[in-house]
Amino acid sequence: MNRFRVSKFRHTEARPPRREAWISDIRAGTAPSCRNHIKSSCSLIAFNSDHPGVLGIVPLQGQGEDKRRVAHLGCHSDLVTDLDFSPFDDFLLATGSADRTVKLWRLPGLGQALPSAPGVVLGPEDLPVEVLQFHPTSDGVLVSAAGTTVKVWDAAKQQPLTELVAHGDLVQSAIWSRDGALVGTACKDKQLRIFDPRTQPQASQSTQAHENSRDSRLAWTGSREYLVSTGFNQMREHEVKLWDTRLFSNALASLTLDTSPGCLMPLLDPDSGLLVLAGKGERQLYCYEVVPQQPALSPVTQCVLESVLRGAALVPRQALAVMSCEVLRVLQLSDTAIVPIGYHVPRKSVEFHEDLFPDTAGCVPATDPHSWWAGDNQQVQKVSLNPACRPHPSFTSRLVPSMEPLPDTAQPAVMETPVGDVDASEGFSSSPSSLTSPSTPSSLGPSLSSTSGIGTSPSLRSLQSLLGPSSKFRHAQGTVLHRDSHITNLKGLNLTTPGESDGFCANKLRVAVPLLSSGGQVAVLELRKPGRLPDTALPTLQNGAAVTDLAWDPFDPHRLAVAGEDARIRLWRVPPQGLEEVLTTPETVLTGHTEKICSLRFHPLAADVLASSSYDLTVRIWDLQAGVDRLKLQGHQDQIFSLAWSPDGQQLATVCKDGRVRIYRPRSGPEPLQEGPGPKGGRGARIVWVCDGRCLLVSGFDSQSERQLLLYEAEALAGGPLAVLGLDVAPSTLLPSYDPDTGLVLLTGKGDTRVFLYELLPESPFFLECNSFTSPDPHKGFILLPKTECDVREVELMRCLRLRQSSLEPVAFRLPRVRKEFFQDDVFPDTAVSWEPVLSAEAWLQGANGQPWLLSLQPPDMSPVSQAPREAPARRAPSSAQYLEEKSDQQKKEELLNAMVAKLGNREDPLPQDSFEGVDEDEWD
């Protein structure tokens, strides 16, 4: 043992790149997982995006001077907890998820489309998959951990070879030794275990690793005798230990770092023995050299990061720049960028240094799963990293067949969405990302109209084939209209309406707003009379009880239904000229519920039909002409959060606090026709029919209080949601406003400053994200106005009302188009005449059905853009005279001098001070 051993890495320096080399403008996920969130092969990088179940895919190396481009792949219906590339096949990716499955994907190379489905699915497990890793010597073997269960899989047969037992708590890490003979696990019970999976399912050795049960991680060195563990001590400080498996009772060496809540990720290169320690949520990387001799953990260098670290991964050694003595490269995942950090050893000569780059494992597996399980310990043949010895033999795994390139994908420069070089909303970009389905990967999207200002060139079609569909509404922009259209000086608003209520309601003429004063007063404001309201008290409707919900009759713009805490519904008649005096007597009072009322919903087709839900756990269908309830729906076990009529008015859906979603046919019976699982959180939920009545959208909370969207097939409610999309963590329930003409849904909550916008599809990818609308201050309510209020000349898709603390302002969502002189018939289909009833209440109650009439929104003086003539692109080329004219050097100098003089001005012009008047001599005294 030489205590004065000098390391060849002692002068190693970390070199963070310039920002031009960053993979920027991404949106990385920050889910509370202890895994790395990012992995790299020699060709690709995969990382967790900010949408659960969706990974970002980007090439490791840039193509020439072009920016690297990010694609997104929808892998799972829940959070991707871990991922790993095959050590033999750069394009074979394994993903594990909280949806309890492991999937294997064949990722595309240049000129190929994203996979339409996983090649292999393993599971499902009993609990979420937390850890997975490919075998280092055999193709098709991998280890996974879910809860207390660790399994070794034969992926080709989709069956486990063995299950490793004896874990007393959640398994936090499971990793192969480099020779593939042993598996090391770290568990929440503080035990570090070594398994020989081919010998027995029980641990061959175990010891206590760290005194704290928080996240613990493992990394094997180049020898099976040594491994590194990271965790926390009793003082919650980061702790690193080096273990000798031959003397497993005590650590060979240990060191303590800083105190931090994030887990410490060990990134160990077994060939060089360099260990990089990356703490989540920190801004520093520590580099150590791991050697069997003392000191066993020698500090090498530290690197200060520009941004907070969310994840980290090592680049394979075969992708390093060996001629510049790059011995290590770490990929730092931050919130908005991937930063490659190279570790270089300074050398004077530019040549291959064999002492820094020993031979490393190649890309051809040493054995197959059957042979390895039978006891074959053959190792992967090593290859030299010397560029003169390349190329090395390559290997393509047969687990997932390779994909054939598409015929119209000949230009690799447009295969993926550029990062940092185009509009952030194009394709699968970072803001907003064209989200693929959390449960099903992306597929081809619809072609775009060439006459709408968006071309459909072969390059764009190739881009769509690789990156998946994107919404044609993705560039829609929400804009607050001019102040002249605002209603200001609102006073005494009731900002504590129940969560089941939108807080206010509006039609094309008026808006009704509950006030905070006693007696359940409701102010009715005329939208055609914007401006500042007087300081004096407004004429109101005296409801007599606190308001719980209110709704305008869609077929009678002067009738307002108001629900109260006294379990009564009052129908008010507002004069055609507006509310000019206080009204104390309603037109009709509906009684029948025994507890306070939650929600009111008018029938979409039949006049004088109203549905109401109550804390008495019933839904009643009212005949407003007779003033009585005709139908009563039962079956709810807890508070009814929301109800919604189907577009054809034949069915009614509810979402309840008991965690169930129900569909009723009110005229067929009081019991639900279908039931299915709803949101797990009990804080509130909303439901709305979408996709022409084929689907149901439910907004609610999961068990971790994260707001989420669940999309159901209306005919298969019991099977659970088709897709689940997590959004953010916030206290208020998301209120959905759906536009059936475009398939767009607006989502925001009371007290939010952001309005999410998604296009909904009944098939994969289900959710297509569009630009969000953000306001500087929180709003108290946000509702959608009728389609006829939109200005189609400005390509206004939707118009909404935003309720603030003391004002009401309209917000228009408009789509940028080039040829706005034409009517954009591709985004304005015929709309339903929602203000004219199709049926009477009596006819509907007797079983009659109907369909709404349709109305074209096209102004008479505009032609549809689908019939517009195509414009040939104008060619802008310099005249031939410019090419023929040759100027001498003297002419060029004179032109430059004249231009400089013209810029500076004429030197003969008088100076400004020449025109100033002087001071008389006697004025100085």
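The structure under discussion appears in the preceding block.
We now turn to the structure provided with this report. Being a predicted model, the structure only gives us computed values, none of them experimental.

## What about the sheet that holds strand S10 (residues 120-122)?
Spatially, the 4 strands line up as an open sheet ordered S7-S8-S9-S10, and their pairing is antiparallel. Of all the strands in the sheet, the pair left with one neighbour each is strand S7 (80-85) and S10. If you compare each strand with its neighbour and ignore which way they point, the axes differ by 20° on average. One ladder, built from 3 bridges, connects strand S9 (residues 102-106) with S10; its direction is antiparallel. Across the sheet, the residue bridging to Val 102 is Leu 122, located in S10.

## Some details on the pattern of salt bridges
In this structure the tally under the stated criterion is 47 salt bridges. With a closest N to O distance of 2.9 Å, Arg 707 and Asp 728 form a salt bridge. With Arg 707 in strand S54 (residues 706-713) and Asp 728 in strand S55 (residues 723-729), the pair connects residues that are 21 residues apart, well separated along the chain. Take Arg 707: its relative accessible area is 2%, and that puts it in the buried class. Note that Asp 777 and Arg 802 form a salt bridge whose closest N and O atoms lie 2.9 Å from each other. A residue pair is termed long-range when its members are at least 10 positions apart, and Asp 777 in the loop between strand S60 (773-774) and strand S61 (781-784) and Arg 802 in strand S62 (residues 796-803) qualify at 25 residues. For Arg 802, a relative accessible area of 1% corresponds to the buried category.

## Here we look at the state of the cysteines
Going through the model one piece at a time under the given rule, you end up with 0 disulfides. Cys 598 supplies the cysteine sulfur nearest to Cys 656, a cysteine that is in no disulfide, at a spacing of 9.5 Å. Take Cys 656: its relative accessible area is 3%, and that puts it in the buried class.

## Focus on the sheet that holds strand S26 (residues 297-304)
Within the open sheet, the 4 strands sit side by side as S23-S24-S25-S26. Their pairing is antiparallel. Each end of this open sheet is capped by a strand with a single partner; those strands are strand S23 (264-269) and S26. Going across the sheet, the axis of each strand differs from the next one's by a mean of 25°, ignoring polarity.

Parameters and conventions
- Residues numbered from 1 in each chain as written.
- Predicted model: local features only at pLDDT ≥ 70, side-chain atom pairs only at ≥ 80, totals over all residues.
- Heavy atoms only, no water.
- Pairing = 2+ DSSP bridges.
- Helix = DSSP H or I, 4+ residues; strand = E, 2+ residues; numbered from the N terminus.
- Axes fitted to C-alpha atoms, helices over the stretch in contact; angles between N-to-C directions.
- Salt bridge = Lys/Arg side-chain N within 4 Å of Asp/Glu carboxyl O.
- Buried < 20%, exposed > 50% of the residue type's maximum accessible area, 1.4 Å probe, protein only.
- Disulfide = S-S within 2.5 Å.

Scope: geometric values only; no functional claims are made or implied.
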